[in-house]
Amino acid sequence: MAKQKMKTKRAAAKRFKVTGSGKLKRFKANKSHILTKKTTKRKRNLRKSTLVDDTNVKTMKKIMPYS
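Residues numbered from 1 in each chain as written. Predicted model: local features only at pLDDT ≥ 70, side-chain atom pairs only at ≥ 80, totals over all residues. Heavy atoms only, no water.

Side note on the overall build of the chain
If you tally the helices and strands in the chain, you get 3 helices and 3 strands. In sequence order, the secondary structure elements of the chain are arranged as α-β-β-α-β-α. Its C-alpha radius of gyration of 16 Å places the chain more than 25% over the 11 Å reference for a compact globule of 67 residues. Expressed as a percentage of its 67 residues, the buried residues of the chain come to 13%. For the chain, the proportion of contacts with a sequence separation of at least 24, taken over those separated by at least 6, is 57%. Just so you have it, the chain exposes about 6100 Å², and 54% of that area is on carbon and sulfur atoms. (Helix = DSSP H or I, 4+ residues; strand = E, 2+ residues; numbered from the N terminus. Rg over C-alpha atoms; globule rule 2.2 N^0.38 Å. Buried < 20%, exposed > 50% of the residue type's maximum accessible area, 1.4 Å probe, protein only. Contact = heavy atoms within 4.5 Å. Areas by Shrake-Rupley, 256 points an atom, 1.4 Å probe, with all protein chains shown as cover.)

The structure is reproduced here in structure tokens:
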């Protein structure tokens, strides 16, 4: 009997993308509401994407097995 495929967590698949070198890219939090008290510079920097921290990569790769 064939081994079953693992399921990808769809919530994670929508939030993370894999770069060409295999690293995980994510968008920053705190950009959805209560924006009036945040400075323009802070909001501008929240637009940019960043890489997932090394301490979380192992977990993310586990819940996204085919990425």
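Description of the nonpolar core
Residues Ala-12, Phe-16, Leu-24, Val-52, Met-60 and Met-64 constitute the largest nonpolar core, which totals 6 residues. Not counting the four nearest positions on each side in its chain, Leu-24 is found in contact with Lys-17, Val-18, Thr-50, Leu-51, Val-52, Met-60 and Lys-61. (Core = buried A, V, L, I, M, F, W, Y, C linked by side-chain atoms within 4.5 Å.)

Looking at a positive patch on the surface
There is a patch of like positive charges on the surface, built from Arg-26, Lys-28, Lys-31, Lys-41, Arg-44, Arg-47 and Lys-48. At 3 residues, the largest contribution of residues to the positive patch is made by helix 2 (residues 40-47). Along the chain, Arg-47 falls in helix 2. Given the relative accessible area of 58%, Arg-47 is considered exposed. (Patch = residues over 30% accessible without salt bridge, like charges linked within 9 Å, V, L, I, M, F, W, Y side chains within 5 Å. Salt bridge = Lys/Arg side-chain N within 4 Å of Asp/Glu carboxyl O. Lys, Arg positive; Asp, Glu negative; His and termini not counted. Charge placed at Lys NZ, Arg CZ, Asp CG, Glu CD.)

Description of the pairing of strand 2 (residues 24-27)
Regular strands show a simple pattern: their side chains alternate between the two faces of the sheet. Here strand 1 (residues 17-18) runs beside strand 2; their pairing, made up of 2 bridges, is antiparallel. Pairing of Lys-17 across the sheet is with Lys-25, part of strand 2. Examined bridge by bridge, strand 2 and strand 3 (residues 49-51) share 3 bridges and lie antiparallel to one another. By the bridge assignment for strand 3, Arg-26 is matched with Thr-50. (Pairing = 2+ DSSP bridges.)

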